[in-house]
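This is what each chain is made of:
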Amino acid sequence: KAGVTQTPRYLIKTRGQQVTLSCSPISGHRSVSWYQQTPGQGLQFLFEYFSETQRNKGNFPGRFSGRQFSNSRSEMNVSTLELGDSALYLCASSLDAQGRTGELFFGEGSRLTVL
Amino acid sequence: AQSVTQLDSHVSVSEGTPVLLRCNYSSSYSPSLFWYVQHPNKGLQLLLKYTSAATLVKGINGFEAEFKKSETSFHLTKPSAHMSDAAEYFCVVSDRVGYSSASKIIFGSGTRLSIRP
C-alpha cells in the first residue's frame with residue numbers, strides 16, 4: 001500500500017511569488033491535514049480537509065489556502081510569499097476525520113525556501 | 001481546554017542506556033494519546049498509541065509508554081538507546097471537543113533525542 005506522497009519535495013521561490021503543494025493520501029483515506037514546521041514555531045496546524053470540505057483551520061493568514069478533490073488528493077497554496085514562509089510543509093492523511101482515531105500518516109514533506 | 005506539555009526540549013543519553021521522554025497532558029475527557037517520531041528531513045511516524053485499553057503500551061523499535069491518569073502523564077521509555085533512535089519525538093493527544101463527537105488533535109512541542117557514542 002503506497003504511503004502519503006507529497007510533491008515537490010524541495011522548491012525555492014522568491015518573495016511575492018505563489019506556490020502550490022500537492023498531497024496524495026493513502027488509498028481509502030478521506031482526511032488530509034496540512035502542517036507547517038519551522039525550527040522556531042515547531043509543528044503548526046494549517047487546515048484539515050475531509051470529503052472535499054474544510055473541516056478545521058489553524059491560525060494562519062488568508063494567503064494560505066487549500067482544497068481537496070473528489071479522489072481525496074489535496075493541494076495547498078501560499079500566495080504573496082514572505083521570507084517567514086520558509087518551512088517544511090507536512091501533509092498527513094487519516095482514514096476518518098482527524099482526531100476521531102488520532103492516527104495520522106505523514107508524508108515526507110515539501111521543503112520550501114523563500115529568498 | 002486540552003493541552004500537551006513535553007517537559008524536555010532536548011534529551012541526551014549514551015548509547016545502551018535507558019531513554020525517558022516526558023509528556024503531560026490536560027484533557028476534559030478520556031483522551032487517546034500517541035507518540036510520533038521524526039527523523040531529520042522526514043515526515044512523522046507513529047511509534048505507539050493509547051486508546052483506553054492496556055495502560056502500558058508497546059510500540060515499534062523497543063519503545064513503550066505508560067498511561068497514568070492520576071498523574072496525567074504518558075512518558076515514553078526505552079531500556080537501551082541505539083544510535084538510530086536519534087530523532088525528534090512528539091507527544092500527541094486526541095480528544096473530544098466539548099459535548100460534540102468532533103475531535104481535535106494537539107501536538108506537543110517536541111523533544112530532540114541525541115545519542116552519545
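Residues numbered from 1 in each chain as written. Chains lettered and ligands numbered in written order. Predicted model: local features only at pLDDT ≥ 70, side-chain atom pairs only at ≥ 80, totals over all residues. Heavy atoms only, no water.

### Observations regarding the pattern of salt bridges
Consideration 1: If you walk through the whole model with that rule in mind, you get 11 salt bridges over all chains.
Consideration 2: Residues Lys42(B) and Glu108(A) are paired through a salt bridge, measuring 3.2 Å at the closest nitrogen-oxygen approach. Taken together, the residues span two chains, with Lys42(B) in the loop between β5 (32-38) and β6 (44-50) and Glu108(A) in the loop between β10 (105-106) and β11 (110-114).
Consideration 3: Looking at Lys42(B), the relative accessible area reads 38%, which means it is partly exposed.
Consideration 4: Taking relative accessible area as the criterion, Glu108(A) reaches 32% and is therefore assigned partly exposed.
Consideration 5: A salt bridge links Lys78(B) to Asp85(B), with the nearest nitrogen and oxygen atoms 2.8 Å apart. (Salt bridge = Lys/Arg side-chain N within 4 Å of Asp/Glu carboxyl O. Helix = DSSP H or I, 4+ residues; strand = E, 2+ residues; numbered from the N terminus. Buried < 20%, exposed > 50% of the residue type's maximum accessible area, 1.4 Å probe, protein only.)

### What to know about the sheet that holds strand β7 (residues 64-68) of chain A
All names here are of chain A.
Consideration 1: The strand order across the open sheet built from four strands is β1-β3-β8-β7, with neighbouring strands paired in antiparallel fashion. Edge positions in the sheet fall to β1 (5-7) and β7, since each of these pairs with one other strand and no more. Averaged over all neighbouring strand pairs, the angle between strand axes comes to 15°, with direction disregarded.
Consideration 2: By the bridge criterion, five bridges tie β7 to strand β8 (residues 74-78) in an arrangement that is antiparallel. Within the sheet, the bridge partner assigned to Arg67 lies in β8 and is Glu75. (Pairing = 2+ DSSP bridges. Axes fitted to C-alpha atoms, helices over the stretch in contact; angles between N-to-C directions.)

### A short note on the state of the cysteines
Consideration 1: Following the criterion strictly, the structure yields two disulfides over all chains and no others.
Consideration 2: Note that Cys23(A) is cross-linked by a disulfide to Cys91(A), the S-S spacing being 1.8 Å. The sign of the S-S torsion, about -55°, decides the handedness of the disulfide formed by Cys23(A) and Cys91(A): left-handed. Separated by 68 residues along the polypeptide, Cys23(A) in strand β3 (residues 19-24) and Cys91(A) in strand β9 (residues 87-94) bring together distant segments of the chain.
Consideration 3: Take Cys91(A): its relative accessible area is 0%, and that puts it in the buried class.
Consideration 4: The side chain of Cys23(B) participates in a disulfide bridge whose partner is Cys91(B); the two sulfur atoms lie 2.0 Å from each other. Where Cys23(B) bonds to Cys91(B) through sulfur, the torsion about that S-S bond is close to -70°, and the disulfide is left-handed. In this pair, Cys23(B) is assigned in strand β4 (residues 23-26) and Cys91(B) in strand β10 (residues 87-96), connecting sequence segments 68 residues apart.
Consideration 5: Residue class for Cys91(B) comes out buried when judged on its relative accessible area of 0%. (Disulfide = S-S within 2.5 Å.)

### Brief notes about the pairing of strand β8 (residues 64-68) of chain B
Residues and elements named next belong to chain B.
Consideration 1: Only one face of β8 is buried, namely the one carrying Ala65 and Phe67, since none of Glu64, Glu66 and Lys68 on the opposite face is buried.
Consideration 2: Here strand β7 (residues 56-58) folds back onto β8, and the loop between the two strands holds five residues, one of which, Asn61, carries a positive phi near 60°.
Consideration 3: Bridge count between β8 and strand β9 (residues 73-78): five bridges; the pairing is antiparallel. Each bridged residue has a counterpart across the sheet, and for Ala65 the counterpart in β9 is Leu76.
Consideration 4: Linking two consecutive strands that pair antiparallel, namely β8 and β9, is a turn of four residues; a positive phi of about 45° is found at Thr72 within it.

### Some words on the side chain of Ser72(A)
Consideration 1: Mapped onto the elements, Ser72(A) comes out in the loop between β7 and β8.
Consideration 2: Here Ser72(A) is in contact with Pro25(A), His29(A), Arg30(A) and Val32(A), once residues within four sequence places are set aside. (Contact = heavy atoms within 4.5 Å.)

### Focus on the environment of Gln36(A)
Residue and element names in this part refer to chain A.
Consideration 1: Mapped onto the secondary structure, Gln36 falls in strand β4 (residues 31-38).
Consideration 2: Classification of Gln36 by relative accessible area gives buried; the value is 6%.
Consideration 3: Along the backbone, Gln36 and Gly109 are 73 residues apart, and their C-alpha atoms lie at a distance of 9.4 Å.
Consideration 4: Once residues lying within four places of it in the same chain are set aside, the contact partners of Gln36 are Gly42, Leu43, Gln44, Leu46, Phe60, Phe64, Gly84, Asp85, Ala87, Leu88 and Tyr89.

Everything listed here is a matter of geometry and, on its own, says nothing about what the molecule does.
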